[in-house]
Amino acid sequence: MELTFRGIIGQKKIIDHIKRALSEEEISHAYLIEGAVGLGRRRVAKQLAMAITCMNNIEKPCHSCSSCLKAVSQNHPEIKIIEGDGSIKIDLIREIQKEIQLKPYEGKRKVIILYDCETMTLQAQNAFLKTLEEPPLYATIIMITVNSGSLLPTIVSRCQLIKLNPVNERTIQEYLVSHEGASMETSKVIAAYSGGNIGNAVKMLYNQDFKQKREELVKITKELLRGSLTNVLELADFFTLEKREVIENLDLLMSWYRDLLIYRETQHLDFIRNYDKIEEIVLQSKNINTYKLQEVVYIIEDAKNKLKSNVNFQLNMEVMLLNIQEVLSW
Ligand SMILES: [Zn+2]
């Protein structure tokens, strides 16, 4: 029997593992899919559900039997996707328990997919434990979470854990080129910033904000090098937005100076993140020595750490920029 999982990027090891389990007819009664948002957890869950309910005996999921076609159109009577409203409370668990007792009327198996299990209340988890202990033979439960540590160990131990890992940069890059029509240059930059997360990468590709931010960032680094005090204080606005955004922007700034450092040390372009700004990187790296670059990276790290404490936001950013400028002007 051949198993064909489509559209899941860079998770070959996991897919192979699932395929082996299914081909040995060892369908587990409960799976727990763990991984960051954007790694394709829901996709894996749906494909797994599709494979479990598929009626083809040669390949699963076959993508062509009536069961698979219903699954593809999200219209399969025996695959239930359940999502809490902000959190998963005991009422929802009771509904699932009722649902699971209803025998599948089409096909042999029934699959329940439960999203965002990290939001399950303790009470809900305790109630759900009973279902996981004695599920009906025809039922498989697929739970999805960002963090299995947020669940009771007794829940986790009753599930087969499927852990999705970050995808390597090259795979993401190739995906962006082949599926999203991105240029080699753009896809290389985005893959480097995506943190191994295909969902993030696709989002970044279409996010005008991300593009604009990076343009702004290059301007800031030029200004810092030029060293006019008033301009530098105006630049602080870039960093005094929402806290989440500030961290992102500081990471962008950090990656810029890391690129300069790497280029200065290795003269190599392979490890550069800001691949589309090579000219500027080469230019700036000629003007800033290694010691200064290390200092700058340290200053940014320090400012980022201070965000965790109650230091005045604006002041923290201004001090950081002034310190960077001072180091650069030595
Ligand atoms: Zn099928």
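Everything quoted here is computed from the prediction, not taken from an experiment.

Comments concerning the sheet that holds strand 5 (residues 110-114)
The strand order 4-5-6-2-7 describes an open sheet built from 5 strands, whose pairing is parallel. Two strands lie at the open edges of the sheet, namely strand 4 (79-82) and strand 7 (160-163), each paired on one side alone. Across the sheet, the mean angle from the axis of one strand to that of its neighbour is 15°, orientation sign disregarded. Where strand 5 meets strand 6 (residues 139-145), 5 bridges bridge the pair, whose relative direction is parallel. Paired with Val111 across the two strands is Thr140, which belongs to strand 6. Each of strand 2 (30-34), strand 4, strand 5, strand 6 and strand 7 is contacted by helix 2 (residues 41-53), which is oriented at about 170° to strand 6, the strand it contacts most. Along the sheet, helix 5 (residues 122-133) contacts strand 2, strand 5 and strand 6; its crossing angle with strand 6, the most-contacted strand, is approximately 140°.

Comments concerning the nonpolar core
Judged by nonpolar contacts, the single largest core of 50 residues is most densely connected at Phe239, Tyr257, Ile300, Met320 and Ile324. When residues of this core are traced back to their parent elements, those giving at least two are helix 7 (169-180), helix 8 (184-193), helix 9 (198-206), helix 10 (208-226), helix 11 (229-235), helix 12 (243-266), helix 14 (290-308) and helix 15 (313-329). The greatest single-element share of this core, amounting to 10 residues, is contributed by helix 12. Three or more residues apiece are contributed to this core by two domains, here domain 2 (168-206) and domain 3 (208-329). Look past the residues within four positions of Tyr257 in its chain and what remains in contact with it is Thr221, Leu224, Ile288, Leu293, Val296, Val297, Ile300, Ile324 and Leu328.

Comments concerning the coordination of the zinc ion
Only Cys54 (SG), Cys62 (SG), Cys65 (SG) and Cys68 (SG) from the protein reach the zinc ion as donors, at distances of 2.2 to 2.4 Å. For the zinc ion, the 4 donor atoms are set out with angles of 102 to 116° between them, so the coordination reads as tetrahedral. Along the chain, the residues that donate to the zinc ion are spaced as C-x7-C-x2-C-x2-C. Residue Cys68 is classed as buried on the basis of its relative accessible area, which comes to 0%.

Describing the environment of Val246
Structurally, Val246 can be placed in helix 12. Along the sequence, Val246 and Leu307 sit 61 residues apart, while their C-alpha atoms lie 9.0 Å from each other.

Topic: the packing of helix 10 against helix 13 (residues 278-287)
Between helix 10 and helix 13, the least distance of the axes is 12 Å, while the angle of their chain directions is 20°. Judged by the angle between their axes, helix 10 and helix 13 are roughly parallel. The way helix 10 lies across helix 13 gives a crossing that is left-handed. Every residue of helix 13 that contacts helix 10 at Val218, Thr221, Lys222 and Leu225 is listed here: Glu280, Gln284 and Asn287. A class-by-class count of the residues in the contact of helix 10 with helix 13 yields 2 nonpolar, 3 polar and 2 charged.

Some thoughts on the side chain of Ser28
Considering the arrangement of structural elements, one finds Ser28 in the loop between helix 1 (12-23) and strand 2. Ser28 sits in the buried class, given a relative accessible area of 14%. With sequence-adjacent residues up to four places away left out, Ser28 is seen in contact with Thr140 and Gln160.

Examining the packing of aromatic side chains
Within the structure shown, the criterion is met by 2 aromatic pairs. Their ring planes at 80° and their centres at 5.6 Å tell us that Tyr193 and Phe210 sit as a pair that is edge-to-face. Taken as a pair, Tyr193 in helix 8 and Phe210 in helix 10 lie far apart in primary sequence, 17 residues in all. With respect to burial, Tyr193 and Phe210 carry one shared label: buried. Above the face of the Tyr115 ring, Arg42 is positioned so that its terminal group lies 3.6 Å from the ring centre. Over the ring of Tyr193 we find Arg273, and its NZ or CZ is 5.1 Å from the ring centre.

Remarks on helix 15
Across its 17 residues, helix 15 extends 25 Å between first and last C-alpha, which sits within 8% of the 24 Å expected from 1.5 Å per residue. Taken residue by residue, helix 15 has Asn316, Met317, Met320, Leu321, Ile324, Gln325, Val327 and Leu328 as its buried positions. The buried residues of helix 15 occupy one face: seen down the axis, they fall within an arc of 165°. Near the N-terminus of helix 15, the side chain that reaches the backbone nitrogen of Gln314, with its oxygen 3.0 Å away, is that of Asn312.

Focus on unusual backbone geometry
Across the chain, the bulk of peptide bonds are trans and the bulk of non-glycine residues have phi less than zero. Here the amide bond leading from Lys60 into Pro61 is cis, since omega sits at -15°, within 30 degrees of zero. Counting through the fold element by element, Pro61 comes out in the loop between strand 3 (59-60) and helix 3 (66-72). Its identity is not glycine, yet His63 carries a phi of approximately 65°, on the positive side. In this structure, Asp116 takes a positive phi of about 50° despite not being glycine.

Some points on the pattern of salt bridges
Should their charged atoms come close, side chains of opposite charge can pair. Under the definition given, this model contains 13 salt bridges. In this structure, the salt-bridge partner of Arg42 is Asp116, at a minimum N-O distance of 3.7 Å. Pair noted here: Arg42 is in helix 2 and Asp116 is in the loop between strand 5 and helix 5, with a separation of 74 residues, a long-range link. Residue class for Arg42 comes out partly exposed when judged on its relative accessible area of 31%. Measuring nitrogen to oxygen at the nearest pair gives 3.0 Å for the salt bridge that ties Lys306 to Asp302.

Here is what the cut-offs are and how they apply
- Residues numbered from 1 in each chain as written.
- Predicted model: local features only at pLDDT ≥ 70, side-chain atom pairs only at ≥ 80, totals over all residues.
- Heavy atoms only, no water.
- Pairing = 2+ DSSP bridges.
- Helix = DSSP H or I, 4+ residues; strand = E, 2+ residues; numbered from the N terminus.
- Axes fitted to C-alpha atoms, helices over the stretch in contact; angles between N-to-C directions.
- Contact = heavy atoms within 4.5 Å.
- Core = buried A, V, L, I, M, F, W, Y, C linked by side-chain atoms within 4.5 Å.
- Buried < 20%, exposed > 50% of the residue type's maximum accessible area, 1.4 Å probe, protein only.
- Domains from an automatic or database assignment.
- Donors = N, O, S within 2.8 Å, 3.2 Å for Na, K, Ca; no water.
- Tetrahedral: all angles 85-135°; square planar, octahedral: opposite > 155°, others 65-115°.
- Parallel < 35°, antiparallel > 145°, perpendicular 65-115°, else oblique.
- Left-handed = near helix turned anticlockwise from the far one by under 90°.
- Nonpolar A, V, L, I, M, F, W, Y, C, P; charged D, E, K, R; others polar.
- Phe/Tyr/Trp six-rings, centres within 6.5 Å; stacked < 30°, edge-to-face > 60°.
- Lys NZ or Arg CZ within 6 Å of the ring centre and 35° of its normal.
- Expected span 1.5 Å × (residues − 1).
- Arc of directions from axis to C-beta.
- Polar contact = N/O pair within 3.5 Å; in protein donor to acceptor, adjacent residues only side chain to side chain.
- Salt bridge = Lys/Arg side-chain N within 4 Å of Asp/Glu carboxyl O.

By themselves, these are just geometric observations and shouldn't be taken as functional.
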